[in-house]
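Residues per chain are reported as follows:
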Amino acid sequence: MIRIITDSAADLSPAEYEQLNITCIPLTVMFGEAEYQENVNLGKDQFYDLLLNSGHPPKTAQPSPQLLMDLFEEAHAAGDSAIYITLSSALSGTYQNAVMTKNLLGYDNCHVVDSLNATGGQRLLVQYAARLRDEGKTVEEIIAGVEDIRGRITLYACIDTLEYLYKGGRISQTVYKLGTLANIKPIITVERDGGIGIPAKAMGMRKGIDHQCKQVAQIPVDPDHPFYVMYTNKPSVARDLAKKLESIGIQVDEAHTIQVGAGIGSHIGPDACGLVYVAAK
């Protein structure tokens, strides 16, 4: 049997993980002295309530080595192969930790794949891996398929503030100060190396939505994969983005609207919206 594993930064719901037969490792989120496990005792709405009202900035932590060890040992003992698709190595030490754990076990049939992505982008990779597994593909074929679309994942988001990226050490003080001028809304993207880039800035959220849609018009969509709209705490901005996408021929229903969880929401903050898809070859 082939086990597909990921971490909670992939932003599938607990029901979706169960339906797709995917094992999800929760990320740890801390507000002050309080510690939570995403999708275990911390839901998305609860996370944003804490983000806005707790008075403590959130901190995230990768899964413990012991948790990974137990999970890998269980698969190894069952004689299964495992494919673990991790949060981008440029955003977390999860990938490196998983590789180290696998090597300590000498578990040759465990394969750790760096998503070079997060949230909806990581979700697309995990869903595709499960799809290929269910089609009867081999481990090698699944990994090759995931790596093929990984380089074509296109993600843009408009965020309300750079404060959380700055506090999380993802951007410099200079970039932070420039981005907070006037009513500038930064456009962020996940770059090919898995890091966060800021390719543009918009004057207000409406202009930010317009910019995202222009990118979609320039980079055609691969219809063989889902197209997702994402949001943090306000469904209304997701609806605004979906409505604008309709004007360029992209239909996004409620089932393809993702609420970003704590793993990434901790770094981009509230009031954000974005889109993610696989670009056509």
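Just so it is clear, the model here is predicted, and its values are computed rather than measured.

### Observations concerning the overall build of the protein
Inference 1: Across its full length, the protein carries 11 helices and 13 strands.
Inference 2: Buried residues in the protein amount to 53% of all 281 residues.
Inference 3: Sequence separation of at least 24 residues holds for 75% of the intrachain contacts in the protein that already meet a minimum separation of 6.
Inference 4: Counting every atom, the protein has about 12500 Å² of accessible surface; 49% of that belongs to carbon and sulfur.
Inference 5: Measuring between centres, the 24 positive side-chain charges of the protein sit 10 Å from its 33 negative side-chain charges.

### Brief notes about the packing of aromatic side chains
Inference 1: Counted under the stated rule, the structure contains 6 aromatic pairs.
Inference 2: Ring centres of Phe31 and Tyr36 lie 6.4 Å apart, and the angle between their planes is 75 degrees; this geometry places the pair in the edge-to-face category.
Inference 3: Of the residues examined, Phe31 reaches a relative accessible area of 4% and is grouped as buried.
Inference 4: The interplanar angle of 70 degrees and the centroid separation of 6.3 Å between the aromatic rings of Phe72 and Tyr84 together place this pair among those described as edge-to-face. With Phe72 in helix α3 (residues 65–77) and Tyr84 in strand β6 (residues 81–86), this residue pair connects regions lying 12 residues apart in the sequence.

### So, the packing of helix α5 (residues 119–134) against helix α6 (residues 139–150)
Inference 1: Following both chains from N to C, one finds α5 and α6 inclined at 150 degrees, their axes separated by 9 Å at the closest point. In terms of orientation, α5 and α6 fall into the roughly antiparallel class. Note that α5 runs across α6; the crossing there is right-handed. Contacts between α5 and α6 pair Leu124, Leu125, Tyr128, Ala129, Leu132 and Arg133 from the former with Glu141, Ile142, Gly145, Val146, Ile149 and Arg150 from the latter.

### A short note on the sheet that holds strand β4 (residues 34–37)
Inference 1: Read across the sheet, 3 strands follow the order β4-β3-β5 without closing on themselves; strand pairing throughout is antiparallel. Two strands in the sheet have a free side with no partner beyond their single neighbour: β4 and β5 (58–61). Recorded for the sheet is a direction-independent mean angle of 25 degrees between the axes of neighbouring strands.
Inference 2: Direction of pairing for strand β3 (residues 28–31) relative to β4: antiparallel, over a ladder of 4 bridges. When the bridges of β4 are listed, Met30 appears paired with Glu35.

### Describing the packing of α3 against helix α4 (residues 94–105)
Inference 1: The interhelical angle for the contact between α3 and α4, taken along N-to-C directions, is 50 degrees, at an axis separation of 10 Å. Taken together, the axes of α3 and α4 lie oblique to each other. When the axes of α3 and α4 are compared, the crossing they make is right-handed. The segment α3 lies against α4, with Pro65, Leu68, Met69, Phe72 and Glu73 engaging Asn97, Ala98, Thr101, Lys102, Leu104 and Leu105.
Inference 2: Classifying every residue of the contact of α3 with α4 by side-chain character gives 7 nonpolar, 2 polar and 2 charged.

So, how was this worked out
- Residues numbered from 1 in each chain as written.
- Predicted model: local features only at pLDDT ≥ 70, side-chain atom pairs only at ≥ 80, totals over all residues.
- Heavy atoms only, no water.
- Helix = DSSP H or I, 4+ residues; strand = E, 2+ residues; numbered from the N terminus.
- Buried < 20%, exposed > 50% of the residue type's maximum accessible area, 1.4 Å probe, protein only.
- Contact = heavy atoms within 4.5 Å.
- Areas by Shrake-Rupley, 256 points an atom, 1.4 Å probe, with all protein chains shown as cover.
- Lys, Arg positive; Asp, Glu negative; His and termini not counted.
- Charge placed at Lys NZ, Arg CZ, Asp CG, Glu CD.
- Phe/Tyr/Trp six-rings, centres within 6.5 Å; stacked < 30°, edge-to-face > 60°.
- Axes fitted to C-alpha atoms, helices over the stretch in contact; angles between N-to-C directions.
- Parallel < 35°, antiparallel > 145°, perpendicular 65-115°, else oblique.
- Left-handed = near helix turned anticlockwise from the far one by under 90°.
- Pairing = 2+ DSSP bridges.
- Nonpolar A, V, L, I, M, F, W, Y, C, P; charged D, E, K, R; others polar.

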